[in-house]
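Okay, here's what each chain looks like letter by letter:
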Amino acid sequence: MTTPQKDKHRAIWASGDYAAVAADIIPSLGPILVEACGIGPGQRVLDVAAGTGNAAIPAALAGAEVTASDLTPRLLEIGQQLAGERGAKLTWTEADAEALPFGDAEYDCVISCVGVMFAPFHQAAADELVRVCRPGGTIGLISWTPAGFVGQLFAAMKPFAAPPPPGAQPAPLWGDEAHVRALLGDRAESVRAQTRTVRVERFAEAAGFREYFKRNYGPTLAVYRLHAEDPARTAEIDAALDELAARFRAPDGSMEWEYLLLTARRI
């Protein structure tokens, strides 16, 4: 499906270098999700909003038959290259998380690692996760929490960002257990949710986080580009990101980024 809003979403995530972000900062999250879902040989697995395969590639290496889907073709191209380098065989498919091109109950396990949370219409995306998962199958999600570092990053950028489409909900709500339970409703049981953190030691310098995300992270790039002709506004964004990093930064320069790990069984 192509609309101006979808095209904008693709452009945001194709900008920068999300593959670097996934590899440098959160390489552990994909394997954590694969383990939590018990993914192994013989399972049919769909990774929704897979990006460059942070979870899809480990799932394939665990022996599953994996389809990695994402709205952004550029991320799929990079993921396919990374999979080849690691000897992982899987299928890469362009797909909108809110209108997946897969059959009902087609997969044994449906996962998303900090991916589906960025689909603007949460209920539509959740309905698709449920629809393509077979009864008795597993839905597994890792999402940044509202109160954690990335949730607060989006809060810090909000005053500077373009307005979201009408009816869109903030991405970090997927990191709220009650919100996800409501999205899944009575179609899932055995819901297990745990708040965890990933330790980030990438940014030794105080301004390291800001500069790295200005170069590599699509949503941050979009905010800076929106105000590229306004040095005063750009300086305000710099200050907001520096304040955020200082708030979460430990004396040794490390940070703990909070996320919600949630698994559920499809009824």
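This structure is a prediction, so every number in the text was calculated from the model and none was measured.

What should I look at first to understand the nonpolar core in this one?
The nonpolar side chains of soluble globular proteins are, as a tendency, buried together. In this structure, Leu 90, Trp 144, Trp 174, Phe 209 and Trp 257 are the most contacted members of the largest nonpolar core, which totals 89 residues. The biggest single contributor to this core is strand β7 (residues 255-266), with seven residues. Once you skip the residues sitting within four places of it in the chain, Trp 174 turns out to touch Val 116, Met 117, His 122, Ala 125, Ala 126, Leu 129, Leu 141, Ser 143, His 179, Val 180, Leu 183 and Leu 260.

Can you walk me through the state of the cysteines in this structure?
In a disulfide, the sulfur atoms of two cysteines are held together by a covalent bond. Throughout the structure, instances matching the rule amount to zero disulfides. Of all cysteine sulfurs, the one in Cys 109 lies closest to Cys 37, which takes part in no disulfide; the gap is 4.2 Å. No disulfide involves Cys 133; its sulfur sits 6.9 Å from that of Cys 109, the nearest cysteine.

Help me understand the sheet that holds strand β1 (residues 44-47), please; the structure alone is not making it clear to me.
Two modes of strand pairing occur in sheets, parallel and antiparallel, and in both the strands are linked by backbone hydrogen bonds. Taken together, seven strands build an open sheet; the order of strands is β3-β2-β1-β4-β5-β7-β6 and the sheet is mixed. Of all the strands in the sheet, just β3 (91-94) and β6 (188-200) have a single pairing partner and so form its edges. Averaged over neighbouring strand pairs, the angle between their axes works out to 15° when direction is ignored. Pairing analysis gives three bridges linking β1 to strand β4 (residues 107-113), with the strands arranged parallel. Counted as the bridge partner of Val 45 is Cys 109 from β4.

Reading the values: rules and limits
Residues numbered from 1 in each chain as written. Predicted model: local features only at pLDDT ≥ 70, side-chain atom pairs only at ≥ 80, totals over all residues. Heavy atoms only, no water. Core = buried A, V, L, I, M, F, W, Y, C linked by side-chain atoms within 4.5 Å. Buried < 20%, exposed > 50% of the residue type's maximum accessible area, 1.4 Å probe, protein only. Helix = DSSP H or I, 4+ residues; strand = E, 2+ residues; numbered from the N terminus. Contact = heavy atoms within 4.5 Å. Disulfide = S-S within 2.5 Å. Pairing = 2+ DSSP bridges. Axes fitted to C-alpha atoms, helices over the stretch in contact; angles between N-to-C directions.

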